[in-house]
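Close look at the chain arrangement
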Amino acid sequence: MNNSPLEAVFHAYRKAGSVEALAKELDVSEQSVDNWLNMRTRPQRGILEKIIDFATRKPSTLPEEVVVITRMMTSEAASVYGYSETNEGESVFLPPHIVNELHEKGYVEGDVFTARFKPQDHSSAPYYCVKVIR
């Protein structure tokens with residue numbers, strides 16, 4: 001993210017998910033957020049700092065999302081791992097302990113489950129599954 005106030009507002013808006021949610025997070029009116037998004041006005045310096053902080057802050061809890069299993073090695077394979085995919089097409093790496101848990105619960109490729117995952121610096125997938133929710 002560069003230093004553009006408009007870019008900061010858009011990042012914060014995408015993270016919040018709605019004008020209402022961003023207004024509530026920043027403790028400002030929905031009209032103010034709408035004005036910034038439509039470039040009618042610019043946020044003041046103090047508010048802009050809050051916007052940038054919100055847009056760049058790491059979530060305190062990991063997101064839960066429904067994912068589809070796209071590849072899963074069997075427990076008899078030499079290397080047990082798998083991959084799933086989010087609704088946006090992002091790949092999520094399934095480490096051995098997650099694959100074993102999915103096998104125990106009867107999941108197979110193509111099945112859908114809710115997972116908690118985190119970003120990772122790994123060439124095979126941008127996300128790493130840390131927990132099976134359901």
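This is a predicted model, so every value here is computed, not measured.

Our focus in this paragraph is unusual backbone geometry. Here the phi dihedral of Asp27 falls at roughly 60 degrees; this positive angle occurs in a residue that is not glycine. For Met39, which is not glycine, the phi torsion reads 60 degrees and is therefore positive. Considering the arrangement of structural elements, one finds Met39 in the loop between α3 (30-37) and α4 (45-56). The class for Met39 is exposed, based on a relative accessible area of 60%.

Quick look at a nonpolar patch on the surface now. A cluster of nonpolar side chains, Val66, Val68 and Val112, forms an exposed patch at the surface whose accessible area comes to about 200 Å². For Val68, the position within the fold is in strand β1 (residues 64-72).

Before going further, it helps to examine the pattern of salt bridges. All told, the structure shown has two salt bridges when counted by the stated rule. For Glu101, the salt bridge is made with Lys105, and the minimal N-O distance between the two is 3.0 Å.

Axis separation between helix α1 (residues 5-16) and α4 bottoms out at 8 Å; the angle between their running directions is 50 degrees. As summarised for this structure, α1 and α4 are arranged oblique, according to the angle between their axes. The handedness of the crossing between α1 and α4 is left-handed. Of the residues in α4, those touching α1 at Pro5, Ala8, Val9, His11, Ala12, Lys15 and Ala16 are Leu48, Ile51, Ile52, Phe54 and Ala55. Per-class residue counts for the contact of α1 with α4 are ten nonpolar, one polar and one charged.

On to the packing of helix α2 (residues 19-26) against α3, then. Close contact between α2 and α3 brings their axes to 8 Å; oriented N to C, the two are set at 115 degrees. Comparing the axis directions of α2 and α3 gives the class roughly perpendicular. Where α2 crosses over α3, the two elements pack in a sense that is right-handed. Side by side, α2 and α3 meet where Val19, Glu20, Leu22, Ala23 and Leu26 of the first sit next to Glu30, Val33, Asp34, Trp36 and Leu37 of the second. Each residue belonging to the contact of α2 with α3 can be placed in one class, and the counts come to seven nonpolar, no polar and three charged.

Okay, the pairing of strand β3 (residues 91-94) next. Here four bridges tie strand β2 (residues 82-85) to β3, and the two strands are oriented antiparallel to one another. Counted as the bridge partner of Ser84 is Val92 from β3. Note: β3 against strand β5 (residues 127-132), two bridges, orientation parallel. Bridge pairing in β5 links Val92 to Tyr127.

Here we take up the packing of aromatic side chains. Evaluation of the coordinates by the stated rule reveals six aromatic pairs. Their ring planes at 65 degrees and their centres at 5.9 Å tell us that Tyr107 and Phe113 sit as a pair that is edge-to-face. Exposure class is identical for Tyr107 and Phe113. Each is buried. Among the aromatic residues, those joined into a ring-pair cluster are Tyr81, Tyr83, Phe93 and Tyr128.

Thresholds, definitions, all that
Residues numbered from 1 in each chain as written. Predicted model: local features only at pLDDT ≥ 70, side-chain atom pairs only at ≥ 80, totals over all residues. Heavy atoms only, no water. Helix = DSSP H or I, 4+ residues; strand = E, 2+ residues; numbered from the N terminus. Buried < 20%, exposed > 50% of the residue type's maximum accessible area, 1.4 Å probe, protein only. Patch = residues over 30% accessible without salt bridge, like charges linked within 9 Å, V, L, I, M, F, W, Y side chains within 5 Å. Areas by Shrake-Rupley, 256 points an atom, 1.4 Å probe, with all protein chains shown as cover. Salt bridge = Lys/Arg side-chain N within 4 Å of Asp/Glu carboxyl O. Axes fitted to C-alpha atoms, helices over the stretch in contact; angles between N-to-C directions. Parallel < 35°, antiparallel > 145°, perpendicular 65-115°, else oblique. Left-handed = near helix turned anticlockwise from the far one by under 90°. Contact = heavy atoms within 4.5 Å. Nonpolar A, V, L, I, M, F, W, Y, C, P; charged D, E, K, R; others polar. Pairing = 2+ DSSP bridges. Phe/Tyr/Trp six-rings, centres within 6.5 Å; stacked < 30°, edge-to-face > 60°.

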